[in-house]
Amino acid sequence: MPGLVIVGAQWGDEGKGKVVDLLAEQADAVIRFQGGNNAGHTIVRDGETFKFHLIPSGILHSGKQCVIGNGVVVDPRVLISEIDGLRRGGVDLSGLRVSANAHLIMPYHLLLDQAGEARLGKREIGTTKRGIGPAYADKASRLGIRVQDLLDEKILRQKIAAAMEPKAPLLRDFVKDPSLDLHQMTEDHRAYGDRLAPYIADTPPLAWEALDKGRLVVFEGAQGTLLDIDHGTYPFVTSSNTLAGAACAGAGVGPKSIDEVWGIAKAYSTRVGAGPFPTELDDEMGARLREAGHEFGTTTGRARRCGWLDLVALRYAVRINGLTGLVLTKLDVLTGIDPLAVATEYSGPEGARFASFPYHQSVLHHVRGETVELPGWDEDISRARSLDDLPANARAYIAFIEEQLGIPVVTVGVGPGREEIIWTNAADELREAAAA
Ligand code: GDP
């Protein structure tokens with residue numbers, strides 16, 4: 001029974017949290033494998049809204065193993081405050097585990113992130129300034145501090161000093177910042193170590209055990225395919241690999257442990273921050289999608305750029321992740337828009353046409369989505385629980401996507417609530433097998 005990877009198929013914020021939360025009910029373990037606290041998941045449950053930035057969504061299920069994998073970068077302050085918040089909310093945290101090998105976001109990473117964006121000025125990438133990029137940079141430079149280092153004061157102090165030394169010129173503007181004091185930083189982080197000690201573990205064996213027993217393990221990605229540092233719209237990307245393939249390295253399992261790969265996509269497109277967005281609607285329709293879909297970031301509150309569904313980019317996401325199914329979220333947001341449009345190819349300067357996602361940055365920055373129109377629907381779809389409950393035009397919209405992508409739509413979101421979802425046969429089979 002499957003290792004199931006869930007990744008964002010667009011630019012993030014696709015509504016992964018809700019789907020992972022629902023699948024977590026059947027899973028033995030949910031493992032986050034990359035990113036940091038720039039991911040934001042919102043889960044509405046019994047009328048109560050929970051927001052997570054770091055802890056996997058499955059935590060609301062009592063005792064479920066929820067793992068922050070080695071591929072994640074962890075800001076210990078954020079993790080501790082999430083733990084405290086969940087505990088106050090009466091959530092059982094006994095299943096929470098943090099990989100001892102995960103790298104830490106340190107105070108100097110936050111400052112470097114701010115300084116880096118300020119230096120870029122108008123060319124800024126639009127990072128969330130949470131220190132995630134600088135933390136991954138230190139990991140690659142072999143200057144990273146890992147979760148396990150929190151437990152040894154001597155090692156911690158040495159490593160912090162070594163990591164800060166080459167950064168001195170970049171941190172010159174912050175020399176007086178109290179958060180950069182070596183002694184204080186070491187003390188603080190030792191204290192974080194004490195707080196986190198019950199959760200620190202060698203995490204890959206947790207995944208192996210569950211997989212060996214034939215149990216469902218959900219590997220939870222953050223951000224989205226087009227923000228992948230290798231295959232996304234570089235440099236307007238995040239600082240880790242967001243693709244399904246990264247689940248293996250970021251959680252410590254082999255590729256053969258992955259049976260299913262589901263991509264999550266909204267029924268339209270959004271993007272936060274700078275960078276190319278071929279189907280962007282810089283007009284009233286864009287504003288309408290933003291309002292209807294509440295397209296403002298969970299973590300930052302930033303307004304998201306909105307546009308039509310981009311099937312060129314989604315076909316790319318299918319290939320580069322090896323998607324076996326698509327979860328289509330927020331179909332309800334399109335209710336009342338007639339006609340709808342979806343991009344099936346791009347046009348570029350001098351009449352150029354692109355049926356597949358252009359690899360070249362200069363090309364990508366200048367292409368526009370060429371759309372076809374599809375008829376919309378007016379009926380409230382939030383109570384639909386099977387595809388048959390949907391209006392014919394909504395079914396046709398889904399069928400068009402399936403035909404264009406060559407994979408089945410396995411689940412459809414019809415509203416923000418947990419129950420506002422359609423599981424198709426493919427999804428039911430997986431859930432039933434996991435529950436067996
Ligand atoms: P994530 O990071 O991919 O989980 O995405 P976010 O949490 O930033 O955004 C998901 C938001 O969309 C949350 O507020 C959800 O409640 C909401 N949401 C999820 N699925 C649906 C859906 O099918 N319809 C509507 N209207 N909202 C949804």
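Remember, predicted model here, so these are calculated numbers, not experimental data. (Residues numbered from 1 in each chain as written. Predicted model: local features only at pLDDT ≥ 70, side-chain atom pairs only at ≥ 80, totals over all residues. Heavy atoms only, no water.)

A. Structural view of the environment of V217. In this fold, V217 is placed in strand β10 (residues 217-220). For V217 and V30, which are 187 residues apart along the polypeptide, the C-alpha to C-alpha distance reads 5.9 Å. Leaving out residues up to four positions away in the same chain, V217 has contacts with P2, G3, L4, A29, I31, A207, A210 and L211. (Helix = DSSP H or I, 4+ residues; strand = E, 2+ residues; numbered from the N terminus. Contact = heavy atoms within 4.5 Å.)

B. Structural context of the packing of aromatic side chains. Summed over all chains, the structure comprises four aromatic pairs. Pairing Y316 with F357 gives two aromatic rings, centres 4.7 Å apart and planes at 20 degrees, and the pair type is stacked. One end of the pair, Y316, is in helix α10 (residues 311-321); the other, F357, is in the loop between β17 (353-354) and α11 (361-366), with 41 residues separating them in the sequence. Centre to centre, the rings of W377 and Y397 are 6.1 Å apart; their planes meet at 65 degrees, and the pair counts as edge-to-face. With W377 in the loop between β18 (368-374) and α12 (392-405) and Y397 in helix α12, the pair connects residues that are 20 residues apart, well separated along the chain. Residues W377 and Y397 agree in their burial class; the two are buried. Three or more aromatic residues joined by ring pairs form one cluster here, namely Y316, Y346 and F357. (Phe/Tyr/Trp six-rings, centres within 6.5 Å; stacked < 30°, edge-to-face > 60°. Buried < 20%, exposed > 50% of the residue type's maximum accessible area, 1.4 Å probe, protein only.)

C. View of the sheet that holds strand β7 (residues 96-99). Pairing in this open sheet of ten strands is mixed, and the strands run β9-β7-β5-β2-β10-β1-β11-β15-β19-β20 from one edge to the other. Of all the strands in the sheet, just β9 (200-201) and β20 (421-423) have a single pairing partner and so form its edges. Taken together, the four bridges between strand β2 (residues 29-32) and strand β5 (residues 65-68) define a ladder with parallel strand orientation. Residue pairing for β5: R32 is matched across the bridge by I68. Here helix α1 (residues 16-24) sits on the sheet and contacts β1 (3-8), β2, β10, β11 (260-266), β15 (325-329) and β20; the angle it forms with β1, its principal contact strand, is near 165 degrees. (Pairing = 2+ DSSP bridges. Axes fitted to C-alpha atoms, helices over the stretch in contact; angles between N-to-C directions.)

D. Seen up close, the pattern of salt bridges. Here the structure, examined in full by the defined rule, presents 18 salt bridges. Ionic pairing is found between D21 and R418, a salt bridge with its closest N-O pair at 2.5 Å. A residue pair is termed long-range when its members are at least 10 positions apart, and D21 in helix α1 and R418 in the loop between β19 (409-413) and β20 qualify at 397 residues. Accessibility expressed as a relative area gives 16% for R418, which makes it buried. Between E345 and R353 there is a salt bridge; the shortest N-O distance is 2.8 Å. (Salt bridge = Lys/Arg side-chain N within 4 Å of Asp/Glu carboxyl O.)

E. Region of the structure containing helix α9 (residues 284-292). The backbone nitrogen of M285 has a side-chain oxygen 3.1 Å away, supplied by the residue at the start of α9, namely D283. With its phi angle positive at about 50 degrees, H294 sits one or two positions after the end of α9. (Polar contact = N/O pair within 3.5 Å; in protein donor to acceptor, adjacent residues only side chain to side chain.)

F. Region of the structure containing unusual backbone geometry. Here the residue pair Y234 and P235 is connected by a cis peptide bond, since its omega of 5 degrees sits within 30 degrees of zero. Relative to the assigned elements, P235 resides in the loop between β10 and α8 (246-251). Each neighbour pair has its own omega, and for D338 with P339 the value is 0 degrees, a cis peptide bond. Along the chain, P339 falls in the loop between β15 and β16 (340-347). Positive phi values are uncommon outside glycine, yet R142 reaches one of about 60 degrees. With respect to the element layout, R142 can be found in the loop between α4 (132-140) and α5 (153-164). Classification of R142 as exposed rests on a relative accessible area of 73%.

G. Inspection of helix α6 (residues 182-196) at higher detail. With 15 residues, α6 extends 21 Å from end C-alpha to end C-alpha; this agrees with the ideal 21 Å at 1.5 Å per step. For α6, the full list of buried residues reads M185, T186, H189, Y192, G193 and L196. Here the buried residues of α6 occupy an arc of 120 degrees about the axis, which is enough to place them on one side. (Expected span 1.5 Å × (residues − 1). Arc of directions from axis to C-beta.)

H. Just the site of the ligand, in detail. The ligand sits among 18 residues. The nearest are G15, K16, G17, G40 and D332. Between the ligand and R304, the relevant distance is 3.1 Å, taken from an oxygen atom to a side-chain nitrogen or oxygen of the residue. Of all the secondary structure elements, the ones that give two or more residues to the shell around the ligand are α1 and β3 (41-45). With three residues, α1 is the largest single contributor of residues to the shell around the ligand. When the residues that make up the shell around the ligand are grouped by side-chain class, the tally is three nonpolar, eight polar and seven charged. (Near = heavy atom within 4 Å. Nonpolar A, V, L, I, M, F, W, Y, C, P; charged D, E, K, R; others polar.)

I. Fine view of the nonpolar core. One finds F219, L331, L334 and Y397 to be the most contacted residues of the largest nonpolar core, which totals 59 residues. Not counting residues within four places of it along the chain, the set of residues in contact with L334 comprises A267, Y268, L289, L340, W377 and Y397. Ranked by size, the runner-up nonpolar core spans 42 residues in total, among them V78, A102, L104 and I200. (Core = buried A, V, L, I, M, F, W, Y, C linked by side-chain atoms within 4.5 Å.)

J. Representation of the domain arrangement of the protein. Here the domain parsing of the protein yields domain 1 (3-87 + 203-435) and domain 2 (103-199). For the pair domain 1 and domain 2, the summed buried surface comes to about 2100 Å²; carbon and sulfur atoms form 58% of the total. Summed over the shared surface of domain 1 and domain 2, the number is one salt bridge. Residue R195 is joined to D84 by a salt bridge in which the shortest nitrogen-to-oxygen separation is 2.8 Å. The tally of links from domain 1 across to domain 2 stands at seven residue pairs in polar contact (both at pLDDT 80 or more). Of all the secondary structure elements, the ones that give two or more residues to the side of domain 1 that touches domain 2 are β6 (73-74) and α2 (76-88). Looking at the side of domain 1 that touches domain 2, the element that brings in the most residues is α2, giving seven residues. Broken down by class, the residue content of the side of domain 1 that touches domain 2 amounts to eleven nonpolar, eleven polar and five charged. (Domains from an automatic or database assignment. Buried area = accessible area lost by both parts, 1.4 Å probe.)

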